[in-house]
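Structural description and commentary
So the chains spell out like this:
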Amino acid sequence: MTRAFQKHAINRNTAVSTSAIGELAIAAPEVYEEVLAKKPCGETVLAFAKWCEAAIQGDEDVKEKMESMKAGGSLLPIRSRFALGCVKSLGGMLF
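Quick look at the structure, then. (Residues numbered from 1 in each chain as written. Predicted model: local features only at pLDDT ≥ 70, side-chain atom pairs only at ≥ 80, totals over all residues. Heavy atoms only, no water.)

Relative placement of two packed helices is described by the angle separating their axes and the distance separating the axes. At a minimum axis separation of 7 Å, helix α2 (residues 12-27) and helix α4 (residues 45-57) run at an interaxial angle of 55 degrees. What the angle tells us is that α2 and α4 run oblique. Both α2 and α4 take part in a crossing whose hand is left-handed. Residues S17, T18, A20, I21 and L24 of α2 touch α4, and the partners they reach there are V45, L46, F48, A49, C52, E53, A55 and I56. Each residue belonging to the contact of α2 with α4 can be placed in one class, and the counts come to ten nonpolar, two polar and one charged. (Axes fitted to C-alpha atoms, helices over the stretch in contact; angles between N-to-C directions. Helix = DSSP H or I, 4+ residues; strand = E, 2+ residues; numbered from the N terminus. Parallel < 35°, antiparallel > 145°, perpendicular 65-115°, else oblique. Left-handed = near helix turned anticlockwise from the far one by under 90°. Contact = heavy atoms within 4.5 Å. Nonpolar A, V, L, I, M, F, W, Y, C, P; charged D, E, K, R; others polar.)

Further remarks concern the side chain of E23. Within the secondary structure, E23 sits in helix α2. For E23, a relative accessible area of 7% puts it in the buried group. Here the side chain of E23 touches K70 through a polar contact of 3.2 Å, side chain to side chain. Ignoring any residue separated from it by four or fewer positions in sequence, one finds E23 in contact with A28, M66, K70, L75, L76 and I78. (Buried < 20%, exposed > 50% of the residue type's maximum accessible area, 1.4 Å probe, protein only. Polar contact = N/O pair within 3.5 Å; in protein donor to acceptor, adjacent residues only side chain to side chain.)

In this structure, L75 sits in the loop between α5 (60-72) and α6 (86-89). Between the C-alpha atoms of L75 and A27, which are 48 residues apart in sequence, the distance is 8.7 Å. Not counting the four nearest positions on each side in its chain, L75 is found in contact with E23, I26, M66, M69 and K70.

Right, here's the structure in full:
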């Protein structure tokens, strides 16, 4: 993946930091739409990614589906750096 990021001049940290948005949209579009509907106007992409990660971590079915999709190659095997602290940093708010 490092070569792919270099080839397309994409910062790996940016891709990892915001990967939850795409992963949630692919694995659970209905949950993604709920999170998107609650997104305040003017919110940064990184803040929205944290909300998406919180939604993922708060739903065992979504987490299991995403892990299965990653294992099957349907999603890239990227681990979000927010996965462990996202719920705590967002005040425990889940969708």
